2 protein chains.
Amino acid sequence: MTAVAEIQAPEALEISPAKERLLRVAIDLFYEKGFERTTVRDIAARAGILSGSLFHHFKSKQEILYTAMALTTRSMGESAEAAVQGIDDPVEQLRALVVCELNSIHRESEHAAYVLVDEWRSLDSEHREAVLALRDSSYERCWDVALEGCKARGLLKTDAKIARQFIRGALAWTRNWYRPEGELTIAGLADEVLQSFLKN
Amino acid sequence: MTAVAEIQAPEALEISPAKERLLRVAIDLFYEKGFERTTVRDIAARAGILSGSLFHHFKSKQEILYTAMALTTRSMGESAEAAVQGIDDPVEQLRALVVCELNSIHRESEHAAYVLVDEWRSLDSEHREAVLALRDSSYERCWDVALEGCKARGLLKTDAKIARQFIRGALAWTRNWYRPEGELTIAGLADEVLQSFLKN
DNA sequence: GCTTGACAACCAAGCGCTTGCTTGTTTTTA
DNA sequence: TAAAAACAAGCAAGCGCTTGGTTGTCAAGC
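The rules we used
- Residues numbered from 1 in each chain as written.
- Chains lettered and ligands numbered in written order.
- Predicted model: local features only at pLDDT ≥ 70, side-chain atom pairs only at ≥ 80, totals over all residues.
- Heavy atoms only, no water.
- Helix = DSSP H or I, 4+ residues; strand = E, 2+ residues; numbered from the N terminus.
- Buried < 20%, exposed > 50% of the residue type's maximum accessible area, 1.4 Å probe, protein only.
- Contact = heavy atoms within 4.5 Å.
- Areas by Shrake-Rupley, 256 points an atom, 1.4 Å probe, with all protein chains shown as cover.
- Lys, Arg positive; Asp, Glu negative; His and termini not counted.
- Charge placed at Lys NZ, Arg CZ, Asp CG, Glu CD.
- Buried area = accessible area lost by both parts, 1.4 Å probe.
- Salt bridge = Lys/Arg side-chain N within 4 Å of Asp/Glu carboxyl O.
- Phe/Tyr/Trp six-rings, centres within 6.5 Å; stacked < 30°, edge-to-face > 60°.
- Lys NZ or Arg CZ within 6 Å of the ring centre and 35° of its normal.
- Near = heavy atom within 4 Å.
- Polar contact = N/O pair within 3.5 Å; in protein donor to acceptor, adjacent residues only side chain to side chain.
- Nonpolar A, V, L, I, M, F, W, Y, C, P; charged D, E, K, R; others polar.
- Axes fitted to C-alpha atoms, helices over the stretch in contact; angles between N-to-C directions.
- Patch = residues over 30% accessible without salt bridge, like charges linked within 9 Å, V, L, I, M, F, W, Y side chains within 5 Å.
- Core = buried A, V, L, I, M, F, W, Y, C linked by side-chain atoms within 4.5 Å.

**As for the overall build of chain A**
Thought 1: The helix and strand inventory of chain A stands at 10 helices and 0 strands.
Thought 2: Along chain A, helices and strands appear, N-terminal first, in the series α-α-α-α-α-α-α-α-α-α.
Thought 3: Overall, the C-alpha framework of chain A stretches about 60 × 50 × 30 Å when taken along its three principal axes.
Thought 4: Taken across its 200 residues, chain A has 48% of its residues classed as buried.
Thought 5: Of the contacts made within chain A by residues no fewer than 6 positions apart, 72% connect residues no fewer than 24 positions apart.
Thought 6: Summed over all atoms, the accessible surface of chain A reaches about 9900 Å², with 50% contributed by carbon and sulfur.
Thought 7: Once the 25 positive and 31 negative side-chain charges of chain A are each reduced to a mean point, those two points are 4 Å apart.

Listed below in structure tokens is the structure:
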């Protein structure tokens, strides 16, 4: 019998308030310094406990990262589904998804979306698969529907798959230059994205 | 007197063949596992020497990263300048720069471009500034010229600065899905990029 | 032509410190 | 009063880096 990993399915993760507080602290630190440079002592200190006490809540540092990423993925999927609900026009679906992604990068949930992108490599492979499967079944599915809809109406300049990747890249990169406090609003930025990637 | 950092100006870096070999090994490992997870013992072992001997060539692990990033930045700047040389049409300048960037991500120099993007946070701030200054004065300048040229001819759908960021994001993201061994060539991918971001 | 000295490259050993995590016990909470 | 949460202490392993000495190379000096 090979070592069984016993990964908690992300759909089934239940989080106590105490755990949630620790996760918020951990996510902040992962955002500030990265997973590898963040020590369990760092996390514990900012949470006001000793490092050993962390392991009462999580069985390893890796499990902290996994839990953070799985929860973030789950909630981003839920946001995406909520965003397109009741919208039939694929262009408006796309706009809603762009706004939704920009919000999760620039507004919500204490940098959780940053960690999701940056620390992918620090997540070991079994956990990675679990998170990926969850993302494909919720978040990515919403995007596929919207983009295929645009494609069917002849609104895309390129293949839907390529457009998806271009848009995803452009949105992910906004974290390196865009600040929602400035003149350009998130809705305005979303307009620019649609204008760039759709025929007009 | 505060501690003086004594950073080697990236323009003045001279690299012996031995150092270059070590840098190649280090870059490969940084690409595979990340800077933090790569130990000096890893680098030395793959290079066939003992870990202490590394410090005969570099005075710290940090200096290995800095040297790698500075050299990569320098050579990417040179490539960009060579790519646009003799081209007057801003659209063709842009095409050349896109191809150039795609090449450095997907073809050349043992993943050096990956490391440049991924390990930015592991570079400490003084070194970061030095690399950034070099990039702005060569690589970014080429892009600015090309995009302002497009803008002046009314070919851009958005502000030149925003277009720059969208394109940069889309190109950087290609590493997560595009493989040059597949059906789509780099020139073909560059076509798709131009078609997406320029008026047609 | 052989010796000498200087230098770069590397080895062998290990120091001081930090890391993730464990254990046994005490405090807090419900 | 029992379970949950936190403490106190520390272990084993691994980390970047240092030190002192051993090679191999090659040009200058007699």
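**What about the interface of chain A and chain B?**
Interface size is commonly expressed as the accessible area that is lost once the parts come together.
Thought 1: Listed as interface residues are 31 residues of chain A and, on the opposing side, 31 residues of chain B.
Thought 2: Here chain A meets chain B over a buried area of about 2700 Å², counting both sides, of which 60% is carbon and sulfur.
Thought 3: If you sort the residues of chain A by the area they bury against chain B, A:R121, A:F166 and A:W173 come out on top, with a joint share of 26%.
Thought 4: Along the contact surface separating chain A from chain B lie 5 salt bridges.

**Some words on the packing of aromatic side chains**
Thought 1: Within the structure shown, the criterion is met by 9 aromatic pairs over all chains.
Thought 2: Relative to B:F35, the ring of B:F30 lies with its centre 5.1 Å away and its plane at 70 degrees, an arrangement referred to as edge-to-face. Accessibility assignment for this pair places B:F30 and B:F35 in one class, buried.
Thought 3: Here the aromatic residues A:F166, B:W177 and B:Y178 are joined through ring pairs into a cluster of three or more.
Thought 4: Its end group placed over the ring of B:F35, B:K61 keeps NZ or CZ at 4.3 Å from the ring centre.
Thought 5: Over the ring of B:W143 we find B:R164; its NZ or CZ atom is 4.0 Å from the centre of that ring.

**Some thoughts on the pattern of salt bridges**
Thought 1: Inspection of every chain in the model, using the stated rule, returns 23 salt bridges over all chains.
Thought 2: Put simply, A:E140 and A:R164 hold a salt bridge, and the shortest N to O gap is 2.9 Å. Taken together, the residues A:E140 in helix α8 (residues 139–152) and A:R164 in helix α9 (residues 160–173) connect sequence positions 24 residues apart.
Thought 3: Residue A:R164 is classed as buried on the basis of its relative accessible area of 5%.
Thought 4: Within this structure, A:R121, B:D118, B:E119 and B:R175 form a network of salt bridges that share partners.

**Regarding the protein's contact with DNA strand D**
Thought 1: Among the 16 residues in the neighbourhood of DNA strand D, the closest are listed as A:L50, A:H57, B:T39, B:R41 and B:K61.
Thought 2: Each atom of DNA strand D within 4 Å of the protein was classed as base or backbone; sugar and phosphate made up 57%.
Thought 3: In this structure, A:S53 approaches DNA strand D through a side-chain N or O atom, which is 3.3 Å from a phosphate oxygen.
Thought 4: The backbone of B:K61 places a nitrogen or oxygen atom 2.7 Å from a phosphate oxygen of DNA strand D.
Thought 5: Those elements that place two or more of their residues in the surface near DNA strand D are α3 (54–57) of chain A together with α2 (40–47) of chain B.
Thought 6: Of the residues that constitute the surface near DNA strand D, the class distribution is 4 nonpolar, 9 polar and 3 charged.

**Remarks on the packing of helix α7 (residues 125–137) of chain A against α8(A)**
All names here are of chain A.
Thought 1: At a minimum axis separation of 3 Å, α7 and α8 run at an interaxial angle of 35 degrees. Taking contact as the criterion, the partners of R135, D136 and S137 in α7 are, on α8, Y139, E140 and R141.
Thought 2: Tallied by class, the residues present in the contact of α7 with α8 amount to 1 nonpolar, 1 polar and 4 charged.

**Here's the deal with a negative patch on the surface**
Thought 1: A cluster of acidic residues, A:D136, A:D144, A:E148 and A:D159, forms a negative patch on the protein surface.
Thought 2: If you trace the backbone, A:E148 turns up in helix α8.

**Describing the nonpolar core**
Thought 1: Ranked by size, the top nonpolar core spans 118 residues in total, and within it A:W143 and B:W143 carry the most contacts.
Thought 2: Each residue touching B:W143, except ones within four places of it in the same chain, is listed here: B:L94, B:L97, B:V98, B:E101, B:R164, B:I167 and B:L171.

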